[in-house]
Amino acid sequence: MRKSVRIIGLVALLVLLVAAPVDMMAQKRGKAQKRKAKTERTTKGKAASGEQTFTVNGVSFTMIHVQGGTFTMGATSEQGSYVGNNEKPAHKVAVSSFLIGMFEVTQYLWTAVMGNNPSKLQGSDMLALRHPVENVSWDDCQEFIRKLNAATGKHFRLPTEAEWEYAARGGNKSRGYKYSGSNIIDDVAAYANNSVILEALNKEELPCHGFVGMLAPNELGIYDMSGNVWEWCQDWYGEDYYSNSPSSNPTGPSTGSNRVKRGGSWNSSAVSCRVSCRVYDSADLRSRYIGLRLAL
Ligand SMILES: [Ca+2]
């Protein structure tokens, strides 16, 4: 009896000695597989959504990957009859891949880089930092970008006018909307008559513009390209530029007296919020209606 007990004990010990490493290996293999699956999910998720996050002085912001492609820039049919002559002729433009801000630059991000918030409409509390920065001139934006690049080692910039319109139209996922993300302006744009914004204003919950990202994004997941604040583009403004612009990555006239701004603002009519609407201002003009969106 005692002998058989000893044998059973010995066998059990051997089983334990063999099984334990096997179990540990299985656990390790399982963890590795889980890690791999997580990594794949993360990678696929990033590829699918095309988002990249950057951080400067503790403040993070998200850029959306815009796959390059060819689109028709200017007064396409869905833009209606109130198009400007400067939107004609509609013409084919090829744009290379780039990144563009998911949101307009916020007061939070501007303050993190510049150490101050120049916005006219700041609201009464920290939530104001979720508002787009405004009251920034084109020249101010260049200084902001210079400091941002010095801090991050990246090459952020303003989008070209062609990049802006391509992204606003939804890039290669475009569904051909009049406004960025919809034909129904109230769904996507904080503009002069948006009922959601007006209701919030009546409750005195907001300064005159909305938070970034209050309404629906466009086909690429980019918010507020129609409305909220006008967005400075890099280009000089050219009234007749579309008559003679290059068909690949146009960067605007070589010189000029004004800079392009796009997309309309919280104070704009619907016409100004169309994806092809072209407007301009002097590079040193500051206004509560104008902000910016980054490109990379
Ligand atoms: Ca905007």
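Turning our attention to the overall build of the chain. Of the regular secondary structure elements, the chain holds 7 helices and 9 strands. Intrachain contacts of the chain at a sequence separation of at least 6 include 72% that bridge at least 24 residues.

Our focus in this paragraph is the nonpolar core. Membership of the largest hydrophobic core comes to 61 residues, with the highest contact counts inside it found for Ile64, Val66, Ile100, Cys141, Ala167, Ala189 and Ile222. For this core, the secondary-structure elements that each account for two or more residues are strand 2 (59-66), strand 4 (91-95), strand 5 (98-101), helix 2 (107-114), helix 3 (138-152), helix 4 (161-168), helix 5 (185-188) and strand 6 (230-236). The residues contacting Ile100, other than those within four sequence positions of it, are Met63, Ile64, Val66, Pro159, Glu163, Ala167, Ile222, Arg293 and Ala295.

The next thing to look at is the sheet that holds strand 1 (residues 51-56). Strands sit in the order 1-2-5 across an open sheet of 3 strands; the sheet is antiparallel. The open sheet terminates on both sides in strands that have one partner only, identified here as strand 1 and strand 5. Shown here is a sheet whose adjacent strand axes are inclined to one another by a mean of 40 degrees, direction ignored. The pairing of strand 2 with strand 5 spans 4 bridges and is antiparallel. Within strand 5, the position partnered with Met63 by the bridge is Gly101. Seen against the sheet, helix 2 touches strand 1 and strand 2 and runs at an angle of roughly 115 degrees to strand 2.

This brings us to the sheet that holds strand 8 (residues 279-281). Read across the open sheet, the 4 strands follow the order 8-7-6-9; overall the sheet is mixed. Each having just a single partner strand, strand 8 and strand 9 (290-291) make up the two edges of the open sheet. Note: strand 6 against strand 7 (residues 259-262), 3 bridges, orientation antiparallel. Bridge pairing links Glu231 to Arg262 in strand 7. Against the sheet, helix 4 touches strand 6 and strand 7, its axis set at about 140 degrees to strand 6.

An ideal rise of 1.5 Å per residue puts 21 Å on 15 residues; helix 3 measures up with 21 Å between its terminal C-alpha atoms. Buried residues belonging to helix 3 abut strand 1, helix 2, strand 6 and strand 7. Positioned one or two residues after helix 3, Gly153 has a phi angle of 75 degrees, which is positive.

Moving on to the environment of Arg130. Here Arg130 lies in the loop between helix 2 and helix 3. Those residues in contact with Arg130, other than ones at most four positions away along the chain, are Thr106, Tyr108, Phe211 and Val212.

Next up on the list: unusual backbone geometry. Going from Lys88 to Pro89, the amide bond is cis rather than trans, its omega being -5 degrees. Inspection of the secondary structure puts Pro89 in the loop between strand 3 (69-73) and strand 4. Unlike most non-glycine residues, Asp224 shows phi in positive territory, near 65 degrees. Note that Asp224 resides in the loop between helix 6 (195-202) and strand 6. One non-glycine residue, Asn228, adopts positive backbone phi at about 70 degrees. When you line up the elements, Asn228 lands in the loop between helix 6 and strand 6.

What follows covers the confidence of the model for the chain. Summarising the model, the chain shows a mean pLDDT of 85, and 79% of its residues fall at 70 or more. Confidence over residues 1-48 falls short of pLDDT 50; this stretch has 1 contact with residues more than four positions distant or in other chains.

Mapped onto the fold, Asp284 is located in the loop between strand 8 and strand 9. Judged by C-beta crowding, with 10 C-beta atoms within 10 Å, Asp284 ranks as exposed. Sequence separation between Asp284 and Trp138 is 146 residues; the distance between their C-alpha atoms is 6.2 Å. Dropping the residues within four chain positions of it, Asp284 is found in contact with Ser137 and Asp139.

What follows covers the pairing of strand 7. Of the two faces of strand 7, the one holding Arg259 and Lys261 and the one holding Val260 and Arg262 are both buried throughout. Bridge count for strand 7 against strand 8 is 3 bridges, and the pairing is antiparallel. Within the sheet, the bridge partner assigned to Val260 lies in strand 8 and is Tyr280.

The interhelical angle for the contact between helix 2 and helix 3, taken along N-to-C directions, is 70 degrees, at an axis separation of 9 Å. On the basis of their axis angle, the class for helix 2 and helix 3 is roughly perpendicular. Remark: the crossing between helix 2 and helix 3 carries left-handed chirality. From helix 2, Trp110, Val113 and Met114 reach across to helix 3, where they touch Phe144, Lys147, Leu148 and Ala151. Along the lines of polarity and charge, the residues of the contact of helix 2 with helix 3 split into 6 nonpolar, no polar and 1 charged.

Analysis parameters
Counting restarts for each chain: residues are numbered from 1 in the order of the written sequence. Reporting of local features is limited, given that this is a predicted model, to residues whose pLDDT is at least 70; pairs of side-chain atoms are given and counted only at 80 or more, and all residues count toward the totals for whole chains, interfaces and linings. By the criteria applied, helices consist of DSSP H or I runs no shorter than four residues and strands consist of E runs no shorter than two, each listed in order from the N terminus. Residues are defined as contacting one another if the C-beta atoms placed from their backbone atoms lie within 7 Å. Nonpolar core, as used here: buried Ala, Val, Leu, Ile, Met, Phe, Trp, Tyr and Cys residues forming one set through C-beta atoms within 7 Å. Each residue is classified by how many other C-beta atoms fall within 10 Å of its C-beta atom, where C-beta atoms are placed from the backbone; a count of 20 or more means buried, 12 or fewer means exposed, and values in between mean partly exposed. The pairing criterion is simple: DSSP has to find at least two bridges between the two strands. Every angle, taken between N-to-C directions, lies between 0 and 180 degrees, and every axis is a line fitted to C-alpha atoms, over only the stretch in contact when it is a helix. Each residue after the first adds 1.5 Å to the expected span of a helix. Each residue carries a pLDDT score, the predictor's own confidence in it, on a scale running from 0 to 100. Any angle between 65 and 115 degrees counts as roughly perpendicular, while under 35 counts as roughly parallel, over 145 as roughly antiparallel, and the rest as oblique. Crossing handedness follows the turn of the near helix against the far one: under a right angle anticlockwise gives a left-handed crossing, and clockwise gives a right-handed one. Polar here means any residue other than Ala, Val, Leu, Ile, Met, Phe, Trp, Tyr, Cys and Pro, which are nonpolar, and Asp, Glu, Lys and Arg, which are charged; Gly is therefore polar.

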